[in-house]
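Examining the three-dimensional arrangement
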Amino acid sequence: MAQQDNFDALIIGGGPAGISCASELKDSGLSSLILERKGQLGGQLSDVPNPLRNFAGGNYANGDELQQKLTELVEAMNLNHVLNADVTDIDLQNKTVTVASQKYSGKTIVIATGYRVNTLGLVNEKDFGLDVVYRTGQCLDHFAGQTVAVVGGGDSAVGDALELAQLCPRVYLIYRGEQCRARPDWMESAKRDSRITILLNTKVVSLLGGGNLTALKIANGQGVESELSVSRLAIKIGYAANTELFCGKVDMDDFGNIIIGKYCATSVPGVFAAGDIASPGYPRIATAVGQGVLAVAGIRTYLGQCL
Ligand SMILES: Cc1cc2nc3c(=O)[nH]c(=O)nc-3n(C[C@H](O)[C@H](O)[C@H](O)COP(=O)(O)OP(=O)(O)OC[C@H]3O[C@@H](n4cnc5c(N)ncnc54)[C@H](O)[C@@H]3O)c2cc1C
């Protein structure tokens, strides 16, 4: 197995946290290597259809625009990175990671592997722009006045249904289970709200429309299919942390996020965590970018440098 070593930091994940960390390291005169499993940098940004309003680093119409800017930054700063590099094994004590037949070693490791949104897995799910979203916060104007559906049965789905009912004439809450798992008081409010129709034991089978969403094909518990006319859909079926690789190797919270202390340090000396998967945290671009930089303070301290 070939080995590449001597990096001051190996960064796992090329999203906003990983890129921010690498750029700060370079400015501090330290070397790093970003290992990114996808064929492009930017992490979840390419899944963000909404305008980015809460990131005080510019005004972006959607995640693709910021993804482009971050990629340009990586190129301009000549930051070392390998794409299609899925880290499948890791030794946190010895600071080595394995990608296919290649082994990399560093003096420190930064875990910046982010979240993945749970999707319905339908073929054309990504083809409807802002009509089909996973977060409604930045799309409320686009949803206002429309007939909408929210898929899911947890707090996030029911909370969105209640919020959207203030803006939309009809909200369908679609859940495949027999009973929603959301807070009982929110469920009561949803049941009482005449603008909300709750469809239990119901699955979304396909999305209809050419470019713009026009309807959902849904199936009830007996598998009987029908069409539901809606022009907006919010899919709220949860997120998962990309941290399976680190289970049992570093302290985590109950949600699979990696617990951090001062300067993003984890329970393993010389290993740092930043971005969505850091706990306590707040999964936002600004947090990821900030923690990426903060981790460099931890790396410098670990390497015996003055801050
Ligand atoms: C639909 C949607 C809308 C959003 N809207 C907003 C918004 O308006 N404002 C806002 O602030 N935030 C928003 N976010 C959240 C924001 O995108 C994230 O907080 C941010 O991308 C987190 O950055 P990160 O670097 O921590 O993780 P990510 O962006 O998830 O990047 C992590 C990277 O690590 C890679 N990776 C994972 N495991 C491995 C492995 N084993 N080996 C190699 N690489 C690996 C992944 O492929 C990924 O590229 C939104 C997210 C979504 C999905």
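Computed from a predicted structure; not experimentally measured.

Glancing now at the site of the ligand. For the ligand, the set of nearby residues contains 40 residues, the closest of which are G13, G15, G43, G114 and G275. When contributions to the shell around the ligand are tallied by element, the ones reaching two or more residues are α1 (16-27), β7 (115-117) and α6 (285-302). Here the shell around the ligand is built from residues that sort into 19 nonpolar, 13 polar and eight charged. Lining the shell around the ligand are residues from two domains, each supplying at least three of them: domain 1 (2-117 + 239-302) and domain 2 (129-235).

Below, the discussion takes up the packing of α1 against α6. Packing of α1 against α6 leaves a shortest axis separation of 7 Å and a crossing angle of 40°. Viewed along their axes, α1 and α6 adopt a mutual orientation that is oblique. Considering only the axes of α1 and α6, their crossing is right-handed. Together, P16, A17, G18, S20, C21, E24 and L25 of α1 and I285, A288, V289, Q291, G292, V293, A295, V296 and I299 of α6 make up the contact between the two elements. In the contact of α1 with α6, the residues fall into 11 nonpolar, four polar and one charged.

Per the domain assignment, the segments making up the protein are domain 1 (2-117 + 239-302) and domain 2 (129-235). The gap between the C-alpha centroids of domain 1 and domain 2 is 34 Å. Contacts between the two partners involve five residues from domain 1 and, on the opposite side, seven residues from domain 2.

Moving on, we get to the sheet that holds strand β12 (residues 203-208). The strand order across the open sheet built from three strands is β12-β13-β14, with neighbouring strands paired in antiparallel fashion. Taken across any chain shown, the strands that pair with only one partner, and hence form the sheet edges, are β12 and β14 (225-229). Mean inter-strand twist for the sheet, computed between neighbouring axes without regard to direction, equals 30°. Bridge count for strand β13 (residues 215-219) against β14 is five bridges, and the pairing is antiparallel. Counterpart to I218 in the pairing with β14 is S226.

Between the first and last C-alpha of α6 there are 26 Å, a value that for 18 residues agrees with the 26 Å anticipated at 1.5 Å per step. Three or more residues of α6 are buried, namely I285, A288, V289, Q291, G292, L294, A295, V296, G298, I299 and R300.

Counting residues in each nonpolar core, the largest one holds 52 residues, and the members touching the most others are I11, V110 and A274. When residues of this core are traced back to their parent elements, those giving at least two are β1 (2-12), α1, β2 (32-35), α2 (63-76), β4 (87-91), β6 (102-111), β18 (271-273) and α6. With 34 residues, the next largest nonpolar core counts V150, A157, C180 and I218 among its residues.

Attention shifts here to the pairing of β2. Going residue by residue along β2, you find S32 and I34 tucked away on one face and L33 and L35 tucked away on the opposite face as well. Sheet analysis places β2 next to strand β3 (residues 81-82), joined by two bridges and oriented parallel. Within the sheet, the bridge partner assigned to L35 lies in β3 and is V82. One crossover worth recording links β2 to the parallel β3 by way of α2, and it is right-handed.

Our focus in this paragraph is the sheet that holds strand β8 (residues 132-133). Across the sheet, which stays open at both edges, the five strands sit in the order β8-β15-β9-β10-β11 with parallel pairing between neighbours. For this open sheet the edge positions go to β8 and β11 (196-199), each flanked by a neighbour on one side alone. Pairing of β8 with strand β15 (residues 232-235), which is carried by two bridges, proceeds in the parallel orientation. The partner of V132 across the bridge, within β15, is L233.

Before going further, it helps to examine the packing of α1 against α2. Taken N-terminus to C-terminus, the directions of α1 and α2 make an angle of 30°; their axes are 11 Å apart at the nearest point. Relative to α2, the element α1 lies roughly parallel. Crossing geometry of α1 relative to α2 is assigned as left-handed. Contacts between α1 and α2 involve P16, I19 and S23 on the former and, on the latter, L70, L73 and V74. A class-by-class count of the residues in the contact of α1 with α2 yields five nonpolar, one polar and no charged.

Procedures and definitions
- Residues numbered from 1 in each chain as written.
- Predicted model: local features only at pLDDT ≥ 70, side-chain atom pairs only at ≥ 80, totals over all residues.
- Near = placed C-beta within 6 Å.
- Helix = DSSP H or I, 4+ residues; strand = E, 2+ residues; numbered from the N terminus.
- Nonpolar A, V, L, I, M, F, W, Y, C, P; charged D, E, K, R; others polar.
- Domains from an automatic or database assignment.
- Axes fitted to C-alpha atoms, helices over the stretch in contact; angles between N-to-C directions.
- Parallel < 35°, antiparallel > 145°, perpendicular 65-115°, else oblique.
- Left-handed = near helix turned anticlockwise from the far one by under 90°.
- Contact = placed C-beta atoms within 7 Å.
- Pairing = 2+ DSSP bridges.
- Expected span 1.5 Å × (residues − 1).
- Buried ≥ 20, exposed ≤ 12 C-beta atoms within 10 Å, placed from the backbone.
- Core = buried A, V, L, I, M, F, W, Y, C linked by C-beta atoms within 7 Å.
- Right-handed = clockwise from strand over helix to strand, strands pointing away.

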